[in-house]
Amino acid sequence: MASTIFKSKQYFMRSFRGSFSPFLPFFQIGFKGHEEPEEPAEGSSSKSGGLPLFIIAASVFLFTQLFGVPSWYAYASLAFMIYSSIALFDNKGLYLVIIFSIWYLFLGAYDFSTIKSYLIPIALAAAIIHGIVVKVSGKGSFVHEAEGELAVGAFHILIFTIDVGLISWIIGDHFLLPDVVRLILAWVPLWAYVGLFVMLKERPGKVTTALTFVGIAYLIAIITLIPGTVEASTFIPGQEELAQIKERSQIGVNPALVNLKCTWLQVTGGLDANIQACVTRETDKVRYTKICKDKGLKNTREDPALDNCIKDEERKDKEDRASIEGAASSIESTEVHFKAVAKEDFPFRSIAARDIYPITLDIQNPRRENLRIEVACQFMQSKEVIAGEVSIKGERKNQATVSDPQQQLTFECIPSSDLNGAYDLEYTATLFNVKTPSSLKRAFIPALDDYLAREELEKEVKSVEFPSKIDGVSQAPEKDFARINFKFGLGDGTNPIVPVNEDVRFSFSVENQFRAASGESGKILRINSYSFDGILARGFVIDASKTGNPDCLVGGETPAPSSKTTKLKSCWLRIPADLKNIDEFKVRTFDASFDYDYQITHKTRNVRVERIVP
Amino acid sequence: MKKYLFILFLVTSIFLVLPITGCESQVPGPENYKAGVKEVEVDFRGDYTAYQNKPLTLNMIVQNDLGYSIDNVKVSVVGLDERYVSLPQHTENLGSLEGRDIVNEKGELHFLEFIGSINDLSRGTTEDISDEYLIYVDYLSSMEFSPTVCVGPSLYGIEDGGCKGTQSKDPRNQKLPFTGQGAPLAVTQLEIVSGSTGTAQLRLLLSNRGKGEVGKVTLGSSMLGGRDMNCEFVEYSGSNKKEFTFSAKTKQTEMLCDAVIGGSTTIQTVIWMEFLYDYRLKLPQKLTIRGKSRTDSQLIS
């Protein structure tokens, strides 16, 4: 078994059940049996060192997830690492993991990236201490089993690093681990599984079998019950699903727990026949609670502020979702993305305190808009932020205007003060007055008293003009940073067929649809203006006697929306007189224009400056 | 000599007579223009593809292929997206178009043209815009139903020296199928139930066998052997029992007529019925609108 888990079979097989260190007698308590293992009783795994590890690691993981304190798990993981080294590997790697733990507690927890500098000294210290102990105890020479000490210790550190979610640090920014793997790793307590493996090896029995089933069920829940993957023919979730899972992870929702709860509800005939709907609802519940708790709200006898806030959030979300959908139009998209320069041109490790850090903006501007771009950069280390000075084409300036359909804009960032150590380098590009057009198609049908005749006409118009759902929703360039989605008609305005004898409700939302590349994020900074030109030009007017925003058809500067899709304004419209007297149905696509400022941020991690002290 | 003269006469006679008899056998009888299912034909010859900021012409020939004249003919172009297409006139009234008859075997036709233009597309539009629309042809017309039938009070098919009806287990009850009467609206089935007291009841199935939609149908006149019948639709519209309005879902309706035959023997006689109806033919069309860049690139190539 060990050979399948560990690469270095010899070390691990020899390490497993070796002698116990005389220098750490306190660790012997409770694990004496490892020196002279007894034959296991059938059906019992109580004497396995794996069982306590499994139970404690799983419990701590569950506890920290439920109470939203994942950082505690990291500290507990240090203890698991030491325990594993003592109880499962008979002290192999113990010195290394202890020194590593001390380093982590004092330094690593704050900036794990410094391990690159400390790894060799830690390993050397471990090897030296190990050598001295072996020599003093008379078990062999100074280098006796030193390689075993280091290999097993390194294995423990690797498990720890992956388990506490520092996988991205190991693989770095330049190698993309599939998101699904990252997410699975994030939700699997590895130490518990290490314990389970050991139990399988040492004490196969009923308890072990039962726990193995639990472990496998949890893994299956994580992998396959991630919503949307069950019915799909592949286990690899699509982009949207991954985005949902990511969102859940960010707000602290364990997909396995949610999925298991929803599966249970379905099996027991609970509320939801649809697991997906249940998962969405449960996830939303956690999200609303988190938003409200972050506001510092609590329930009291007099004032259930937290509950009220959760209800409000739910209502707002529903409004937004019911709202205003959008689809991709056939208009070419304006896209701007950060693109790393060639590896050899970027000083990931530098000895210069003020080196030049270049990056390229890849600009796709097929609509030939005049894009005014302002760039900035800063170096961040823990709480310290050092501003960067930007130069474009070698000149000290931070703005450029681009109107070519395709352009690459390389700019350089120079720190304004000396750097020393590891930094995250953050670049920002702010685009001013970005214009994204949207359009919406509607068919107007004459007033018909006969319900059946109206139904027939609606059916006919739908089949000719709106054969698919997206024909009736607002459309905008697919990859623009943001878009304005709008709708109008009877009821909530979703039906694209509008009888001309009734007033119609109009509403619009703004959607941040930036497709972030690796290390990127984007946000709408401000809305400069919006105008539903097509609706105004056709003679529609706002019905001031009804509820709604008087500036719903045209408006100036508006605060930036807070969520991905935010419903902004709504009002009632009066249908123009000439349209009221139509004999046959009429079709019109309405244009809207949207002017906004948008900011894209890109983070390059672990830019390191090692200053040579003369 | 006489012998040769006789042979010459015979051969000449044969050569003279044969072509005449041959011609006679190939001359068609008068075509029944009021049979079968017929539609107004629209031969669309307009633009299927148009370019932004360019004129648009939608040409078509409307031909009356029915065995009846059609009146109040109106052709409309409906459902073109106003955002992309400017069409000042969507409808054209053509008045009347004569149907097919012995004088005009092809029916009257009319050429018409809708002229408009394509508007500017949004900047950056890469794909063609597909604009689906409909051509409506509306008209009023009539349809005649005039079969010769055998009716009478004869019981159990006893030979009474009169005519014979169709083979049926109950000779008093005849079911006659019809394909059409030269129009989209057609009587497709006639059932005659003869009574013993010189009366008969006729049950007609009136169907829309065309591609379009029949609107309101009104019974004009109805006679059996020169005597008026009392007819009414089973599901009549409003208070007028001689009117029925089809819907898109309704494809057929029933009419019942009471007739007096008179006499005690079966007789061969003619039914005469006229229906007035309005009709809409719907022809789906698609206009592909292309952006400027595409047009230019095509012109260059």
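Residues numbered from 1 in each chain as written. Chains lettered and ligands numbered in written order. Predicted model: local features only at pLDDT ≥ 70, side-chain atom pairs only at ≥ 80, totals over all residues. Heavy atoms only, no water.

Chemist: Which residues make up the overall build of chain A, and what values go with them?
Modeler: Helices and strands together make up the secondary structure of chain A, namely 18 helices and 19 strands. Scored against the burial criterion, the 614 residues of chain A give a buried share of 48%. Considering only residue pairs separated by 6 or more positions, chain A has 76% of its internal contacts joining residues 24 or more positions apart. Just so you have it, chain A exposes about 30,300 Å², and 57% of that area is on carbon and sulfur atoms. (Helix = DSSP H or I, 4+ residues; strand = E, 2+ residues; numbered from the N terminus. Buried < 20%, exposed > 50% of the residue type's maximum accessible area, 1.4 Å probe, protein only. Contact = heavy atoms within 4.5 Å. Areas by Shrake-Rupley, 256 points an atom, 1.4 Å probe, with all protein chains shown as cover.)

Chemist: Quick rundown of the state of the cysteines? Include the residues and the values.
Modeler: Taken as a whole, this structure holds four disulfides over all chains when the rule is applied. With a sulfur-sulfur separation of 1.8 Å, Cys552 of chain A is cross-linked through a disulfide to Cys571 of chain A. Taking the torsion about the S-S bond as the criterion, the Cys552 of chain A to Cys571 of chain A disulfide, at about 55°, is right-handed. Pair noted here: Cys552 of chain A is in the loop between β15 (541–542) and β16 (554–555) and Cys571 of chain A is in strand β18 (residues 565–574), with a separation of 19 residues, a long-range link. On the basis of relative accessibility, which here comes to 1%, the residue Cys571 of chain A falls in the buried class. Here Cys231 of chain B engages in a disulfide with Cys257 of chain B; their sulfurs sit 2.0 Å apart. Its torsion about the S-S bond being 115°, the disulfide of Cys231 of chain B and Cys257 of chain B is classed as right-handed. Here Cys231 of chain B, found in strand β15 (residues 230–233), pairs with Cys257 of chain B, found in strand β17 (residues 252–260); they are 26 residues apart in sequence, far enough to count as distant. Both residues of the pair, Cys231 of chain B and Cys257 of chain B, belong to the buried class. (Disulfide = S-S within 2.5 Å.)

Chemist: Kindly report on the interface of chain A and chain B, identifying the contributing residues and their values.
Modeler: Contact residues are listed per partner, giving 20 residues for chain A and 25 residues for chain B. Taking both partners together, chain A and chain B bury about 2,000 Å²; carbon and sulfur atoms supply 44% of that area. Contact with chain B buries surface across chain A, with Ser330, Glu456 and Glu584 of chain A losing the most and accounting together for 26% of the total. Along the contact surface separating chain A from chain B lie six salt bridges. In this structure, the salt-bridge partner of Asp591 of chain A is Arg83 of chain B, at a minimum N-O distance of 2.6 Å. Inspection of the chain A/chain B interface yields nine residue pairs in polar contact (both at pLDDT 80 or more). Looking at the side of chain A that touches chain B residue by residue, the classes come out as four nonpolar, two polar and 14 charged. (Buried area = accessible area lost by both parts, 1.4 Å probe. Salt bridge = Lys/Arg side-chain N within 4 Å of Asp/Glu carboxyl O. Polar contact = N/O pair within 3.5 Å; in protein donor to acceptor, adjacent residues only side chain to side chain. Nonpolar A, V, L, I, M, F, W, Y, C, P; charged D, E, K, R; others polar.)

Chemist: Break down the environment of Ala126 of chain A for me, citing the residues and quoting the values.
Modeler: All names here are of chain A. Within the fold, Ala126 resides in helix α6 (residues 115–136). With 32 residues separating them along the chain, Ala126 and Leu94 place their C-alpha atoms 8.4 Å apart. With residues near it in sequence (within four places) discarded, Ala126 still touches Tyr95, Leu96 and Ile99.

Chemist: Please set out a nonpolar patch on the surface residue by residue, giving values where relevant.
Modeler: A cluster of nonpolar side chains, contributed by Leu119, Ile120, Leu124, Ile128, Ile132, Val136 and Phe142 of chain A, occupies part of the molecular surface with about 670 Å² of accessible area. Along the chain, Leu124 of chain A falls in helix α6. (Patch = residues over 30% accessible without salt bridge, like charges linked within 9 Å, V, L, I, M, F, W, Y side chains within 5 Å.)

Chemist: Talk me through the nonpolar core; I want residue IDs and the actual numbers.
Modeler: Core analysis: the largest hydrophobic core is formed by 64 residues, its most contacted members being Leu202, Met273, Phe275 and Tyr277 of chain B. When residues of this core are assigned to their parent elements, the largest contribution, eight residues, is made by strand β18 (residues 267–290) of chain B. For this core, the domains that each give at least three residues are domain 1 (40–141 + 282–299) and domain 2 (143–279) of chain B. Setting aside its immediate chain neighbours within four residues, Met273 of chain B contacts Met143, Glu144, Phe145, Leu204, Leu219, Ser221, Ser222, Met229, Cys231, Met255 and Cys257 of chain B. Core analysis: the second largest hydrophobic core is formed by 63 residues, Phe338, Val402, Ile535 and Phe540 of chain A among them. (Core = buried A, V, L, I, M, F, W, Y, C linked by side-chain atoms within 4.5 Å. Domains from an automatic or database assignment.)

Chemist: Could you give an account of the environment of Arg505 of chain A, with specific residues and numbers?
Modeler: All names here are of chain A. For Arg505, the location among the structural elements is in strand β13 (residues 504–512). Between the C-alpha atom of Arg505 and that of Asp543, which follows or precedes it by 38 residues, the distance is 9.7 Å. Apart from the residues lying within four places of it in its own chain, the contact partners of Arg505 are Lys487, Phe488, Gly489, Gly491, Gly493, Lys567, Ser570, Cys571 and Trp572. Here the side chain of Arg505 touches Ser570 through a polar contact of 3.4 Å, side chain to side chain.

Chemist: So what's going on with helix α5 (residues 94–108) of chain A? Which residues, and what values?
Modeler: Between its first and last C-alpha atoms α5 of chain A spans 18 Å; for 15 residues at 1.5 Å apiece the expected length is 21 Å, and the helix comes up short by more than 12%. Within α5 of chain A, burial applies to Leu94, Tyr95, Leu96, Val97, Ile99, Phe100, Ser101, Trp103, Tyr104 and Gly108 of chain A. (Expected span 1.5 Å × (residues − 1).)

Chemist: Which residues make up the confidence of the model for chain A, and what are the values?
Modeler: Close inspection of predicted coordinates is inappropriate in any region flagged by low pLDDT. Residues and elements named next belong to chain A. Averaged over all residues, the pLDDT of chain A equals 77, while 76% of them reach at least 70. This stretch, residues 1–46, has a pLDDT under 50; its non-local contacts, to residues over four places away or in other chains, come to 74 contacts. Contacts of residues 226–243 to residues separated by more than four positions or lying in other chains number 24 contacts, the stretch itself having pLDDT below 50. (pLDDT = per-residue confidence, 0-100.)

Chemist: Could you give an account of the side chain of Gln285 of chain B, with specific residues and numbers?
Modeler: Locating Gln285 of chain B in the fold gives a position in strand β18. Under the relative-accessibility criterion, Gln285 of chain B is labelled buried at 13%.

Chemist: Describe the sheet that holds strand β7 (residues 109–118) of chain B, and please don't skip the residues or the numbers.
Modeler: All names here are of chain B. One open sheet holds the four strands; their spatial order is β1-β3-β7-β5, and the pairing between them is antiparallel. Each edge of the open sheet is held by one strand with a lone partner, namely β1 (40–44) and β5 (85–86). Sheet analysis places β1 next to strand β3 (residues 55–64), joined by five bridges and oriented antiparallel. Bridged to Glu41 within β3 is Gln63. (Pairing = 2+ DSSP bridges.)

Chemist: I'd like a rundown of the packing of aromatic side chains, residues and numbers included.
Modeler: Residue and element names in this part refer to chain A. On inspection of all chains with the given rule, the structure shows 37 aromatic pairs over all chains. For the ring pair Phe506 and Phe532, a centre distance of 4.8 Å and an interplane angle of 75° mean the geometry is edge-to-face. Remark: Phe532 occurs in the loop between β14 (520–531) and α17 (533–537) and Phe506 occurs in strand β13; sequence separation between them is 26 residues. Here Phe506 falls in the buried class, since its relative accessible area comes to 0%. Of the residues examined, Phe532 reaches a relative accessible area of 0% and is grouped as buried. Relative to Tyr530, the ring of Phe508 has its centre 4.8 Å away and its plane inclined at 45°; by these criteria the two rings are tilted. Of this pair, Phe508 sits in strand β13 while Tyr530 sits in strand β14; the two residues are 22 residues apart in sequence, bridging distant segments of the chain. What makes Phe508 buried here is its relative accessible area of 0%. Classification of Tyr530 by relative accessible area gives buried; the value is 2%. Feature note: the residues Phe100, Trp103, Tyr104, Tyr118 and Phe160 constitute an aromatic cluster, connected by ring pairs. (Phe/Tyr/Trp six-rings, centres within 6.5 Å; stacked < 30°, edge-to-face > 60°.)

Chemist: Account for the sheet that holds β18 of chain A, naming residues and giving values.
Modeler: Residue and element names in this part refer to chain A. On the basis of which strands lie adjacent, the open sheet formed by four strands has the order β11-β13-β18-β15 and antiparallel pairing. One side of each edge strand has no neighbouring strand; the edge strands of this open sheet are β11 (482–489) and β15. Bridge count between β15 and β18: two bridges; the pairing is antiparallel. Paired with Ile542 across the bridge in β18 is Leu573.

Chemist: Can you break down a negative patch on the surface residue by residue, with the values?
Modeler: A cluster of like negative charges, contributed by Asp71, Glu98, Asp101 and Glu105 of chain B, occupies part of the molecular surface. The exposure class assigned to Glu105 of chain B is partly exposed, which follows from its relative accessible area of 48%. (Lys, Arg positive; Asp, Glu negative; His and termini not counted. Charge placed at Lys NZ, Arg CZ, Asp CG, Glu CD.)

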